[in-house]
Amino acid sequence: MNIASLLASKGSKVITIQPEQPVRQAVGLLAQHNIGALVVVDRTSRPVGIVSERDIVRAAASNERVFSEPVGSIMTRDVIIGLPHDDLASVGHTMTERRIRHLPVMESSQLLGIVSIGDVVKAQRDQYQGEVETLQTQILSEER
Amino acid sequence: MTKPGTEAHPLRVAIVGAGPAGYYAADHLLRRDGVVVEVDMIDRLPTPYGLVRAGVAPDHQKIKSVTAAFDKVAAHPRFRFYGGVDFGKDITVADLRRHYHQILYSTGAQTDRRMGIPGEDLKGSHPATEFVAWYNGHPDYRDCQFDLSQERAAVVGVGNVAIDVARILCRSAQELATTDIADYALEALRRSRIKEVYLLGRRGPAQAAFTNPEVKEVGELADADVIAQPEEVELDEASRAAVERSQDRATMKKVQILREYAARKPAGKSKRLIIRFLVSPVELCGNEAGEVVAMRLVRNRLDATPAGTLQAKPTGQFETLPVGLVFRSVGYRGVPLPGVPFHEGWGVILNEHGRILDPDTKQPVAGEYAAGWIKRGPTGVIGTNKPDAAQTVECMMEDLAAGWILEPEEPDASAAERMIRGRQPKCFSYEDWLRLNELEVARGRAAGRPRAKFTRVEDMLAALGR
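Residues numbered from 1 in each chain as written. Chains lettered and ligands numbered in written order. Predicted model: local features only at pLDDT ≥ 70, side-chain atom pairs only at ≥ 80, totals over all residues.

Draft legend 1. Just the overall build of chain B, in detail. On a plain count of helices and strands, chain B comes out with 17 helices and 20 strands. Projected onto the principal axes, the alpha-carbon positions of chain B cover approximately 70 × 55 × 45 Å. For chain B, the proportion of its 466 residues judged to be buried stands at 48%. The contacts in chain B between residues at least 6 apart in sequence include a share of 76% that link residues at least 24 apart. (Helix = DSSP H or I, 4+ residues; strand = E, 2+ residues; numbered from the N terminus. Buried ≥ 20, exposed ≤ 12 C-beta atoms within 10 Å, placed from the backbone. Contact = placed C-beta atoms within 7 Å.)

Here it is in structure tokens:
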């Protein structure tokens, strides 16, 4: 299973923010959409970073005035980008090992969607459930 | 208006597509506590079960046993089946909106992805799914022609469809004769002159999608030797690291089986199944008559993406494989349904967790849903459609609770039945199917086969005395 099929029924909505916008606005967007991270894009919609709730908490712990500062000053710049044909298992592994909770997915410099670690866990669970269901059906049919 | 979902006013749901996702959705709906649901399932074909009948290989009867669970769903008093009714032709979205509170599409991924290489449309180059539908007796594909007088065939892909096609081509007539393969396909394969079948994977053995039982099975064919290249079944460093890191025992075993094949001495059987890895077709070459005579392949190496997936990268080293028959099995995509929003890029109905979205506003539309491959794309096993359908049904129930459903003018079962039978007088009920099933099984019994399929709609009608 690849990331494309995860995005196919998740939708390609990605909430973005620009680096010069204040952190306060980022907090507002995170709360409004009930999500954990925003993709930071420049004026040409090119992703330049990602800002997560964790980035904000880390910055706020040492600087109470962080909310008026620009998102660009606290965002993570070194973003790992996923491709639609990346497979679920390696993405799950990379996200776990590198402690990333959000993976923007792009193809030919276009942002296609974002995958969270929760999406990956759910997709893996559904995959295993499906396999168990299929095996159970076969075993039960042999018992009849 | 009273909210439907009671004995007096049942929730009326139409399901388009009688494959696994449709049945699992029907099951979830009919079992729902506190909501009375009536399900009408329509399908383009007279017979139900979708790919379980028309896709699963005839020599894999055990996988087909899931139909017993589907028949239990169909036995529910509030379930009706209308086979042979073509959505978009016999009936439209507007018709369904007139009779149902909710509509669910579970039409699957009906078409192949193309390889996108020169020569793809030469004579002798086919989508693997057409061959599969043909040998499984799908009425729309029974008259397809495949040139089995060729001696060498290539199957592009290493998923389960690819390996099914390769295995069926390599089976002896004797092996096939005890399956429920279509009669005409059995005859054609009996006369087949195919001697070599190449199964081509663009990545390595650790990335191949076929399962271990499928790989083992091709090592036990009565009349075909299985062959693998020692240098192609050895894992590259990155694949080895990935397998060791995850302690993925199934993949370790798969590689071990393939290495054993590479070390085997051919027993001199009359056919050869050759499994190749790290090669991609770049061109099909034809003769003056426009027939495939060869395939040009590029050798690949594996290269990790930033997120860690090992992908095939061409090396610039080429080779030519003389083949007269090519089946491509490099992925599938859904077919847009008339009047239903579609996402061209993903090849699925535009949806969010099963709720169909308006293409302009990207907001859900009232009362329309998707489940199965037409919702998420072609992934997983049959059972994967169960949690998938459960998610969609959860959305349907939430929307019902919120009163956000269609407002049909004639939400009753008999009006819907009149409409459907009016549009397609030849439509088949579940009772019709159960009768056809008995007849097929009886026809097969004499020959020691699980069933002998009806493959023409006229034959099915005649068998029912209609």
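Draft legend 2. Summary view of the nonpolar core. Counting 92 residues, the largest nonpolar core has Val-51 of chain A together with Val-13, Ile-15, Ala-25, Ala-26 and Leu-104 of chain B as the members making the most contacts within it. Broken down by element, this core gets its largest block of residues, 6 residues, from helix H1 (residues 20–30) of chain B. Not counting chain neighbours up to four residues away, the residues in contact with Ala-26 of chain B comprise Ile-15, Val-39, Met-41, Val-73 and Phe-79 of chain B. Within the second largest apolar cluster, 61 residues are counted, among which are Met-115, Ala-153, Val-156 and Ile-194 of chain B. (Core = buried A, V, L, I, M, F, W, Y, C linked by C-beta atoms within 7 Å.)

Draft legend 3. Quick look at the domain arrangement of chain B. Residues and elements named next belong to chain B. Once the domains are mapped, chain B shows domain 1 (11–110 + 334–428) and domain 2 (113–331). Centre-to-centre, using C-alpha coordinates, domain 1 lies 33 Å away from domain 2. Contact with domain 1, which involves 7 residues of that partner, is made by 13 residues of domain 2. (Domains from an automatic or database assignment.)

Draft legend 4. Focus on the pairing of strand S4 (residues 102–105) of chain B. Residue and element names in this part refer to chain B. Where burial is concerned, the two faces of S4 agree: the one with Gln-102 and Leu-104 and the one with Ile-103 and Tyr-105 are both buried. Relative to S4, strand S1 (residues 11–16) runs parallel, the two being bridged by 4 bridges. Bridge pairing links Val-16 to Tyr-105 in S4. Here 3 bridges tie S4 to strand S20 (residues 364–370), and the two strands are oriented parallel to one another. Counterpart to Ile-103 in the pairing with S20 is Glu-368. (Pairing = 2+ DSSP bridges.)

Draft legend 5. The confidence of the model for chain B, seen in detail. Averaged over every residue, the pLDDT of chain B is 96; residues scoring 70 or more account for 100%. Across the interface, the model reports ipTM at 0.88; the global pTM reads 0.94. (pLDDT = per-residue confidence, 0-100.)

Draft legend 6. Seen up close, the pairing of strand S3 (residues 79–83) of chain B. Residues and elements named next belong to chain B. For S3, the tally of buried residues reaches 4 of 5 residues, placing the bulk of the element in the interior. As paired strands, strand S2 (residues 37–43) and S3 are joined by 5 bridges and run parallel to one another. Note on S3: the bridge partner recorded for Met-41 is Phe-81.

Draft legend 7. A look at the sheet that holds strand S14 (residues 325–328) of chain B. Residue and element names in this part refer to chain B. Read from one edge of the open sheet, 6 strands run S6-S14-S7-S8-S10-S9, paired in parallel fashion. At either margin of the open sheet sits one strand with a lone partner, and together these are strand S6 (125–127) and strand S9 (224–228). Ignoring strand direction, the axes of neighbouring strands in this sheet form an average angle of 20°. Where strand S8 (residues 196–200) and strand S10 (residues 271–276) come together, 5 bridges link them in parallel fashion. Across the sheet, Leu-199 pairs through a bridge with Ile-275, a residue of S10. The sheet strands contacting helix H5 (residues 128–135) are S6, strand S7 (152–156) and S14, and the helix crosses S6 at an angle near 70°. Helix H6 (residues 160–170) rests against S7, S8, S9, S10 and S14 of the sheet, and its axis sits at about 170° to S8. (Axes fitted to C-alpha atoms, helices over the stretch in contact; angles between N-to-C directions.)

Draft legend 8. Region of the structure containing the environment of Thr-251 of chain B. All names here are of chain B. Examined against the element boundaries, Thr-251 turns out to sit in helix H12 (residues 249–263). Along the backbone, Thr-251 and Glu-352 are 101 residues apart, and their C-alpha atoms lie at a distance of 33 Å. Those residues in contact with Thr-251 that lie beyond four places of it in its chain are Ala-206 and Val-243.

Draft legend 9. Here's a closer look at the environment of Phe-87 of chain B. Inspection of the secondary structure assignment puts Phe-87 of chain B in the loop between S3 and helix H4 (93–99). For the pair Phe-87 of chain B and Val-16 of chain B, spaced 71 residues apart in the sequence, the C-alpha separation amounts to 7.4 Å.

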